[in-house]
Amino acid sequence: MTTITARVFPPAIGSRRAARMIERNAMVYRRTWLILVSGVFEPLFYLLSIGVGIGKLLTQDLHAPNGDLVTYTAFVAPALLASSAMNGAVFDATFNMFFKLKYAKTYDAILATPVSVRDVALGEIAWALLRGALYAVAFLCVMAAMGLVHSWWALAALPTATLIGFTFAALGMAGTSYMRGWQDFQYVTLGVLPLFLFSATFYPLDRYPGWMQLVVEATPLYHGVALMRSLILGGVGISDLGHAAYLLVLGLVCAVVTGRRLERLLLR
């Protein structure tokens with residue numbers, strides 16, 4: 001069926017149909033926009049409470065990727081920006097997708113139209129990453145107002161936030177496709193919270209034990225945090241291409257898994 005659909009509808013038309021999924025989600029949130037923007041405040045509260053509050057207690061500055069000394073608040077802010085992109089994407093790609101898939105049967109109704117399963121997967125991932133990018137834009141504006149942006153490379157922070165959102169949207173949807181009930185969402189929290197706390201978010205990587213540094217470097221949020229710090233604090237180097245490649249490859253692999261899993265669940 002997928003092969004026949006691909007022959008009848010060329011890729012350009014498929015992309016337009018995926019865009020209809022984004023349009024549908026935007027219309028749904030038109031009346032509940034407060035829920036959509038509420039995710040902006042969580043990383044902002046962390047920045048004010050931990051970055052500013054605890055930062056006042058610290059007398060020692062930290063090293064930025066370029067070697068300059070920066071305040072603790074400036075060090076933490078790029079990591080919270082990466083976290084905001086992750087949170088905005090992953091929760092939309094998990095809770096909302098699961099409800100549409102298992103209870104509202106939204107996707108079953110959509111498949112009665114010319115929209116294909118892969119259009120659904122692409123559109124939902126795109127919407128989730130756009131939500132993550134929205135949070136990142138708002139947070140970056142707050143950072144700029146607080147004087148926490150130290151480099152013109154910060155202009156690339158928004159595309160980077162979109163890349164982080166894409167990775168976690170695809171990862172979240174791939175994981176959700178294996179969930180059987182609401183109780184399985186404890187695994188989402190079990191995965192997201194350690195990533196948030198232990199991805200060199202609040203202190204440098206070299207403060208971890210040697211074995212734990214290897215574990216941290218294998219996590220996706222760490223690569224987003226490291227990339228954000230280089231862009232916002234200065235010190236962009238060749239290693240940042242590796243961080244970006246890691247996020248891109250992981251996102252693409254998870255997107256393929258999501259498409260195949262949705263085909264199995266919706267076309268069986």
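The structure reproduced in this document is the subject of the present report. Since the model is a prediction, treat every value here as computed from it, not as a measurement.

Digging into the overall build of the chain
Consideration 1: Regarding its fold elements, the chain presents 12 helices and two strands.
Consideration 2: Starting at the N terminus, the α and β elements of the chain follow one another as α-α-α-α-β-β-α-α-α-α-α-α-α-α.
Consideration 3: The C-alpha atoms of the chain give 19 Å as radius of gyration, which agrees with the globular expectation for 268 residues (18 Å, within 12%).
Consideration 4: Scored against the burial criterion, the 268 residues of the chain give a buried share of 49%.
Consideration 5: Across the chain, contacts joining residues at least 24 apart in sequence account for 79% of those joining residues at least 6 apart.
Consideration 6: Counting only carbon and sulfur atoms, one obtains 68% of the accessible surface of the chain, whose full area is about 13,500 Å².
Consideration 7: Treating the 20 positive side-chain charges of the chain as one cloud and the 13 negative ones as another, the clouds have centres 12 Å apart.

Brief notes about helix α5 (residues 72-103)
Consideration 1: The terminal C-alpha atoms of α5 lie 45 Å apart, and with 32 residues this matches the ideal 46 Å at 1.5 Å per residue to within 8%.
Consideration 2: Approximately 25° is the largest bend angle found in α5, and it occurs at Met 97.
Consideration 3: With its phi angle positive at about 55°, Lys 105 sits one or two positions after the end of α5.

Comments concerning unusual backbone geometry
Consideration 1: Phi is positive for Lys 105, close to 55°, though the residue is something other than glycine.
Consideration 2: By the secondary structure assignment, Lys 105 is in the loop between α5 and α6 (106-110).
Consideration 3: Looking at Lys 105, the relative accessible area reads 44%, which means it is partly exposed.
Consideration 4: At Ala 200, a position not held by glycine, the phi torsion is positive, near 60°.
Consideration 5: On the basis of relative accessibility, which here comes to 3%, the residue Ala 200 falls in the buried class.

Describing the packing of aromatic side chains
Consideration 1: Taken as a whole and judged by the stated rule, the model has eight aromatic pairs.
Consideration 2: Pairing Phe 196 with Phe 202 gives two aromatic rings, centres 5.4 Å apart and planes at 90°, and the pair type is edge-to-face.
Consideration 3: When its relative accessible area of 7% is taken as the criterion, Phe 196 is described as buried.
Consideration 4: Classification of Phe 202 by relative accessible area gives buried; the value is 8%.
Consideration 5: By the ring-pair criterion, three or more aromatic residues cluster together here, those being Phe 95, Phe 98, Tyr 103, Trp 182 and Phe 185.
Consideration 6: The ring of Phe 75 is capped by Arg 229, whose NZ or CZ atom sits 3.7 Å from the centre of that ring.

With respect to helix α12 (residues 239-266)
Consideration 1: With 28 residues, α12 should cover 40 Å at 1.5 Å per step; its first-to-last C-alpha distance of 41 Å lies within 8% of that length.
Consideration 2: When we look at burial in α12, the residues that qualify are Asp 240, His 243, Leu 247, Gly 251, Cys 254, Thr 258, Gly 259, Arg 261, Leu 262, Glu 263, Leu 265 and Leu 266.

Section: the pattern of salt bridges
Opposite charge on two side chains makes pairing possible when the charged atoms of those side chains draw close.
Consideration 1: The tally for this structure, following the rule as stated, stands at five salt bridges.
Consideration 2: A salt bridge links Glu 124 to Lys 100, with the nearest nitrogen and oxygen atoms 3.0 Å apart. In this pair, Glu 124 is assigned in helix α7 (residues 117-145) and Lys 100 in helix α5, connecting sequence segments 24 residues apart.
Consideration 3: According to the relative accessible area criterion, Glu 124 is buried, its value standing at 5%.
Consideration 4: A salt bridge links Glu 263 to Arg 118, with the shortest nitrogen-to-oxygen separation between them at 3.1 Å. In this pair, Glu 263 sits in helix α12 while Arg 118 sits in helix α7, placing the two residues 145 residues apart along the sequence.
Consideration 5: Using a relative accessible area of 16% as the deciding quantity, one classes Glu 263 as buried.

The rules behind these values
- Residues numbered from 1 in each chain as written.
- Predicted model: local features only at pLDDT ≥ 70, side-chain atom pairs only at ≥ 80, totals over all residues.
- Heavy atoms only, no water.
- Helix = DSSP H or I, 4+ residues; strand = E, 2+ residues; numbered from the N terminus.
- Rg over C-alpha atoms; globule rule 2.2 N^0.38 Å.
- Buried < 20%, exposed > 50% of the residue type's maximum accessible area, 1.4 Å probe, protein only.
- Contact = heavy atoms within 4.5 Å.
- Areas by Shrake-Rupley, 256 points an atom, 1.4 Å probe, with all protein chains shown as cover.
- Lys, Arg positive; Asp, Glu negative; His and termini not counted.
- Charge placed at Lys NZ, Arg CZ, Asp CG, Glu CD.
- Expected span 1.5 Å × (residues − 1).
- Bend = angle between axes of the 7 residues up to and from the residue.
- Phe/Tyr/Trp six-rings, centres within 6.5 Å; stacked < 30°, edge-to-face > 60°.
- Lys NZ or Arg CZ within 6 Å of the ring centre and 35° of its normal.
- Salt bridge = Lys/Arg side-chain N within 4 Å of Asp/Glu carboxyl O.

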